[in-house]
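Single-letter residue listing:
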Amino acid sequence: MKIKLPDGNIKEYDSAVTPGQIAKEISEGLYRNAAGAIVNNQLWDLERPIDFDCELRIIKLTDPETVDIYRHTMSHIMAQAVMRVYGADKVKFGIGPTIENGFYYDFDIEGVKIAEEDLPKIEEEMKNIIKEDHKIERFEMKKAEAIEFMKQRGQIYKIELIEDIPDEKVSFYKQGDFVDLCRGPHLPSTGRVKYFKLLSVSGAYWRGNEKNPMLQRIYGTAFAKKEELDEYLKMIEEAKKRDHRKLGPQLELFFINTDVAAGMPIFLPYGITVLNQLMTLSRELHKKYGYTEVGTPLIMHEKLWRQSGHWDHYKNNMYFTEKEDVTYAVKPMNCPGHMLIYKNKPVSYRELPMRLFEFGRVHRYERGGVLHGLLRVRTFTQDDAHIFCREDQMVDEVSNIVRFINELYGVFGFSYRATLSTMPEDHMGEEVAWAKATETLKNALEKMNVPYEIAEGEGAFYGPKIDFHVRDVLGREWQCATVQMDFQMPERFELTYKDSDGSERRPVMIHRALYGSIERFFGILIEHFAGAFPTWLAPVQAAVLPVSEKFIDYARQVASKLDAEGIRVEVDDKNETLGYRIRENQMKKVPYMIIVGEKESEQSLISVRTREGKDIQGIQLDQFTQKIKSEISTRLIKSSLE
RNA sequence: GCCAACGUAGCUCAGUCGGCUAGAGCGGCUGAUUUGUAAUCAGCAGGUUGAGGGUUCAAGUCCCUCCGUUGGCUCCA
């Protein structure tokens, strides 16, 4: 058989050969560093024989492709350690896959509850296993044998997994006293990767189903290099420091009274200032992209929600209120309200596309355990719009939305990743219509040169959708914008328009939100900027600090001039030293501090200290005003005085 | 909702084996100081130890129930 190497060389063999042997033939050095191979685009064990023609590439521990291999091996090492610590007869193993940034393993341990304090001793045992450097060997078994094998060991979850595998044979990996059902591949031995850390413990249902028993999950991470691990741990620390739940109350943006309004943030003056800026930007752009703003009631008669289908499909997440024997629903979505607006008068094809936009405050009941600061709440404001159009306008409409998103996210310096979700098993409407709508979304994405991934079967029950995930400064992703085709609403509400030939036709409806939830987007921004908002968003844009009491009058004059120019300014004339007040405003992350004392007041000048610590002495107030005004109106992210 | 950990002053935290009147720093208030680029000094106030129940001569500490928070599971903006 022939094996083609990346440099184009072809090696011929009479009998099965392992990537390890091939590596050795090329050079000892390569063999020493080899961690696995890629065989016909598939990850492969270093010591697993190949007996077919293929293309082969040896990969080293530090190659990006190897990440999943060594993390997976690390999850086995952890499982082995847990087995040793708690006893082989007590531990039943669930699954132990790699995930983004790490791995986990689920265990069912008889009579033991693992706490975070137990992690160090598991880590110790893992270090032992690494030091012992066990060879990791792959072997196969027929399914029936494998089930018997696991039965003897009392591994009930593994038996269930084996039963679900369609192949006749299943593969196992053995390292010392530990054997696990596993697809692999793995490193050649346990001593090959050293840099890891166990991060947290949590509960997780077997196979993610809450009817199944709950297993104990341990999360961990591993890297090929120490620096990479350190960097990742530092990133976690940094994320903790930026946590909007900490910064929000600290910067007086919002707080949550969990006693009377869990999941319903209360916004303070500074927080509302930021939200208003976000809404102003949104309104500007909605106007530019041809939307009309509307407003619909917070509570409406139950019959509207029966007609829309929410009663059947969404009732568990809705709040209700009652008066004089009539039940009203607090809106969880804005679509039914917009339906009423569309139906308010007959629509001509000339009026399409009709783009209705609303800052719609919605309430959705979420279970207590999922609430999380501003990111997961029970009430929020959507920048919601519904576009009604003819079928032939759909590609243009979706393209228009993509342009809108590019401009909106560009303001914050966010890049994004798009996913196209297709028809789920449980869906409404005909498959032909689904295929057509999905095709439309694809065309629009391709027309706009937006790369995307397909999420098979992840669409809403009423239509396919595109989700946009923004990537923040720490590389974390947040799902924000969503564009959904809806086949159900126009049917349920019998929407029509009069076409050019006089016939009544049904419009297509697109549902979309760009920030998603304004409050949630705010939360993301707090973490993205670590509370140091760009000047246009900052609650206080400039603080004027008189050097001493004598210069308070001059400070007030300066402030009132800035205020007259529309700049959000505060005078800090607190009876404290200048150093103290600088520190305080620095911690409030005010972009500019204006310091005025004897020099400045005598010559009608100001001195400016930027948030970045830059100090500019004795400049004209007008000069500063012009700079900051243009920085604000162009919504610059970086200070223009840097 | 489920699993685990946690809940002490506005914030961050201490409080030993159950044992005197629950402490500190920051913040707040009052006064002194009049300050030139990241914390001036002094004094004062501030607590139903998340709520309720139990064990005990005695509970912040031990037990039970509830509420909430955090990390996950499920769902999603």
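Since the model is a prediction, treat every value here as computed from it, not as a measurement. In this numbering scheme, every chain counts its residues from 1 along its sequence in written order. Written order decides the labels, with chains lettered from A and ligands numbered from 1. It should be noted that, the model being predicted, local features are given only for residues of pLDDT at least 70 and side-chain atom pairs only at 80 or more, the latter also being counted only at that level, while totals for whole chains, interfaces and linings use all residues. Calculation of side-chain values draws on the structure's entire complement of heavy atoms; hydrogens and water are dropped beforehand.

A.B. asks: Can you tell me about the side chain of S189, naming the residues and giving the values?
C.D. replies: Secondary structure is summarised from DSSP: a helix means a run of H or I of at least four residues, a strand means a run of E of at least two, and numbering begins at the N terminus for each. Structurally, S189 can be placed in the loop between β11 (178–181) and β12 (195–205). Summary of the burial criterion: residues with accessible area below 20% of their type's maximum are buried, those above 50% are exposed, and those between are partly exposed, where the area comes from a 1.4 Å probe applied to protein chains only. Overall, the relative accessible area of 10% leaves S189 in the buried class. Within 3.5 Å is the distance limit for a polar contact, defined as a pair of N or O atoms, with the added protein rule that one can donate a hydrogen and the other accept it, and that residues adjacent in sequence qualify only through two side-chain atoms. Polar contacts involving the side chain of S189 include one to the side chain of D133, which spans 2.6 Å. Not counting residues within four places of it along the chain, the set of residues in contact with S189 comprises D133, H134, K135 and I136. The contact criterion used is simple: two residues touch if any of their non-hydrogen atoms lie within 4.5 Å.

A.B. asks: Account for the sheet that holds strand β30 (residues 569–571), naming residues and giving values.
C.D. replies: If DSSP finds at least two bridges between two strands, the strands pair. One open sheet holds the five strands; their spatial order is β30-β29-β31-β32-β33, and the pairing between them is mixed. Unpaired on one side and paired on the other, β30 and β33 (615–619) mark the two borders of the sheet. Across this sheet, the average inter-strand angle for adjacent strands is 25°, counted without regard to direction. Relative to strand β31 (residues 592–596), strand β29 (residues 542–546) runs parallel, the two being bridged by five bridges. Of the residues in β31, the one forming a bridge with L545 is I595. The convention used is that axes are lines fitted to C-alpha atoms, helices contributing only their stretch in contact, and that angles between N-to-C directions extend from 0 to 180 degrees.

A.B. asks: I'd like a description of the pairing of strand β21 (residues 379–389), backed by residues and values.
C.D. replies: On any regular strand, side chains alternate: one points to one face of the sheet, the next to the other face. Of all 11 residues in β21, 11 are buried; the element is thus mostly enclosed. Both faces of β21 are covered, namely the face carrying T379, T381, D383, A385, I387 and C389 and the face carrying F380, Q382, D384, H386 and F388. With 10 bridges connecting them, strand β20 (residues 354–363) and β21 associate as antiparallel partners. For R361, the partnering residue across the bridge sits in β21 and is T381. As paired elements, β21 and strand β28 (residues 508–517) share seven bridges and run antiparallel to each other. Residue pairing in the sheet places H386 in a bridge with H511 of β28.

A.B. asks: Please give an account of unusual backbone geometry that cites residues and values.
C.D. replies: The linkage connecting L352 with the following residue, P353, adopts the cis geometry, with an omega of -5°. Within the element layout of this structure, P353 appears in the loop between α12 (335–342) and β20. Despite not being glycine, N41 shows a phi value in the positive range, around 65°. Residue classification places N41 among the exposed positions, given a relative accessible area of 80%. A positive phi angle, near 65°, is found at K589, a position not held by glycine. Structurally, the position occupied by K589 is in the loop between α18 (578–587) and β31. According to the relative accessible area criterion, K589 is partly exposed, its value standing at 26%.

A.B. asks: Before we move on, can you summarise the protein's contact with RNA strand B with the specific residues and values?
C.D. replies: Around RNA strand B, a shell composed of 53 residues is seen, among which K113, S202, R376, N575 and R583 lie nearest. Nearness is judged by heavy atoms alone; a residue qualifies as near a molecule or strand once a single heavy atom is within 4 Å of it. Considering the 4 Å shell around the protein, atoms of RNA strand B inside it are sugar or phosphate in 48% of instances. In this structure, a sugar or linking oxygen belonging to RNA strand B sits 3.0 Å away from a side-chain N or O atom of Y219. A distance of 2.2 Å separates a base oxygen of RNA strand B from a polar atom in the side chain of N575. Listed by contribution, the elements that provide at least two residues to the surface near RNA strand B are β12, β13 (214–223), β25 (477–486), α18, α19 (598–603), β32 (606–610) and β33. Amino acids are sorted into nonpolar (Ala, Val, Leu, Ile, Met, Phe, Trp, Tyr, Cys and Pro), charged (Asp, Glu, Lys and Arg) and polar (every other residue, Gly among them). By residue class, the composition of the surface near RNA strand B is 16 nonpolar, 18 polar and 19 charged.

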